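Each chain, written out:
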Amino acid sequence: MAGGEQVYATLLLSDSYLPGALVLAHSLRDARSTKKLAVLLTLDSVSAEAITQLKAVYDYVLPVPRIRNSQPANLELMNRGDLHSAFTKINLWKQVQFSKIVYIDADVVAYRAPDELFDIPHAFAAAPDIGWPDLFNSGVMVLTPNMADYYAMMAMADKGISFDGADQGLLNMYFANDYHRLRFSYNVTPSAHYQYVPAYRHLRSSINMVHFIGANKPWFTGRYASQGSSPFDEMVGRWWAVYDRHYKVKYTLLRRCRPLRKHHSLSTSQNRSQSKCLAGILKGIPYSLKLGSSIMN
Ligand SMILES: O=c1ccn([C@@H]2O[C@H](COP(=O)(O)OP(=O)(O)O[C@H]3O[C@H](CO)[C@@H](O)[C@H](O)[C@H]3O)[C@@H](O)[C@H]2O)c(=O)[nH]1
Ligand SMILES: [Mn+2]
């Protein structure tokens, strides 16, 4: 559908990636993007509380059907059984109310808003994958929704056609040599194992977005990595900087309200101001903060 809106979109398949989706949205907004933000999610695995959090930062919250790979054997080749429903990304092509989508994984932080990606004259574009750079990484993609691609990819998903069992394998087979290659700066995937420090120093100022691929996300591992000075540590630190800018203050405030609560001898008015304090702060606090301690260290 020509003339539709252009949006950034991400995907949320579980509450466990909520901190990622929130940080991504804030990073784009803080960088003053002029585009709207959309999140596709599966209602059977994302809580109502998480949706409330998402609505505070996303313009469009779009429920989509889960697309599960019924033949997940290839997923085990990369030890990522958790990606059984990554095919759900195919729903992006069905969003024909939008003329162009810049899709971004929930484990990405934007250093600047790459609005120029909406203007590239190609139906599909993506950046190289560091594991095998002839392939593209499917964590950042510029795509044009249309039902023909959607049905063709759904047919592949139905048959479990994907060399890695997930969306990246399927998409690389579908678009094969027919895609526009984006610069790595749009999807910088740091590795704790191979760090090309001189190149990082040389090109650091041109980074557009950083993508934390692999099973260990910044919000799972905590802040420890962000304290060092390696390129990897520095990039993890950038993720936490966005997180803290929007959520840390509120958490500190919450702690200030909490000790009073255990007091039994509070007057009615003290009690009332206590509840008011908590209610006000909780309104703006992400669900993930209340989930566990890993994120608070
Ligand atoms: O439990 C989960 C798992 C995934 N996701 C969503 O799915 C995306 C992909 O999963 P992720 O853990 O980010 O995968 P990567 O470690 O980045 O692995 C690579 O391989 C995946 C499978 O092909 C691709 O989807 C990725 O883009 C590619 O970078 C996430 O960003 C989220 O948007 C969830 O919401 N919850
Ligand atoms: Mn990812």
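Predicted, not measured: the structure shown is a model, and the values here were computed from it.

The rules behind these values
Residues numbered from 1 in each chain as written. Chains lettered and ligands numbered in written order. Predicted model: local features only at pLDDT ≥ 70, side-chain atom pairs only at ≥ 80, totals over all residues. Heavy atoms only, no water. Helix = DSSP H or I, 4+ residues; strand = E, 2+ residues; numbered from the N terminus. Buried < 20%, exposed > 50% of the residue type's maximum accessible area, 1.4 Å probe, protein only. Contact = heavy atoms within 4.5 Å. Areas by Shrake-Rupley, 256 points an atom, 1.4 Å probe, with all protein chains shown as cover. Expected span 1.5 Å × (residues − 1). Arc of directions from axis to C-beta. Polar contact = N/O pair within 3.5 Å; in protein donor to acceptor, adjacent residues only side chain to side chain. Donors = N, O, S within 2.8 Å, 3.2 Å for Na, K, Ca; no water. Tetrahedral: all angles 85-135°; square planar, octahedral: opposite > 155°, others 65-115°.

(A) Local environment of the overall build of the protein chain. Broken down by element type, the protein chain carries 9 helices and 9 strands. Counting all 297 residues of the protein chain, 51% fall into the buried class. Sequence-distant contacts, at least 24 apart, represent 71% of the contacts inside the protein chain between residues at least 6 apart. Looking at the protein chain as shown, the accessible area adds up to about 14,500 Å², and 56% of this sits on carbon and sulfur atoms.

(B) Quick peek at helix α3 (residues 147-159). A rise of 1.5 Å per residue sets the reference length of α3, with its 13 residues, at 18 Å; its end C-alpha atoms lie 18 Å apart and thus fit the reference within 8%. Inspection of α3 places Asp-149, Tyr-150, Met-153, Met-154, Met-156 and Ala-157 among the buried residues, and these make up the whole buried set. Projected down its long axis, α3 shows its buried positions confined to an angular sector of 160°, all on one face. Opposite its buried face, α3 presents the exposed residues Ala-148, Tyr-151, Asp-158 and Lys-159, each directed more than 90 degrees away. Those residues of α3 that are buried are in contact with α4 (167-175). Regarding α3, its N-cap is Asn-146, as a side-chain oxygen of that residue lies 3.3 Å from the backbone nitrogen of Ala-148 further along. Directly after α3, the chain includes Gly-160, whose backbone phi takes a positive value near 70°.

(C) Representation of the coordination of the manganese ion (ligand 2) in the model. Note on the manganese ion (ligand 2): its protein donors are Asp-105 (OD), Asp-107 (OD), Asp-107 (OD) and His-211 (NE2). The metal-donor distances range over 2.2 to 2.4 Å. Here the manganese ion (ligand 2) binds 6 donor atoms, and the angle range of 56 to 174° at the metal identifies the geometry as irregular. Sequence spacing among the residues donating to the manganese ion (ligand 2) works out to D-x1-D-x103-H. Here the residue Asp-105 occupies a position in the loop between β4 (98-104) and β5 (108-110), and His-211 occupies one in strand β9 (residues 209-211), the gap between them amounting to 106 residues. Residues Asp-105 and His-211 agree in their burial class; the two are buried.

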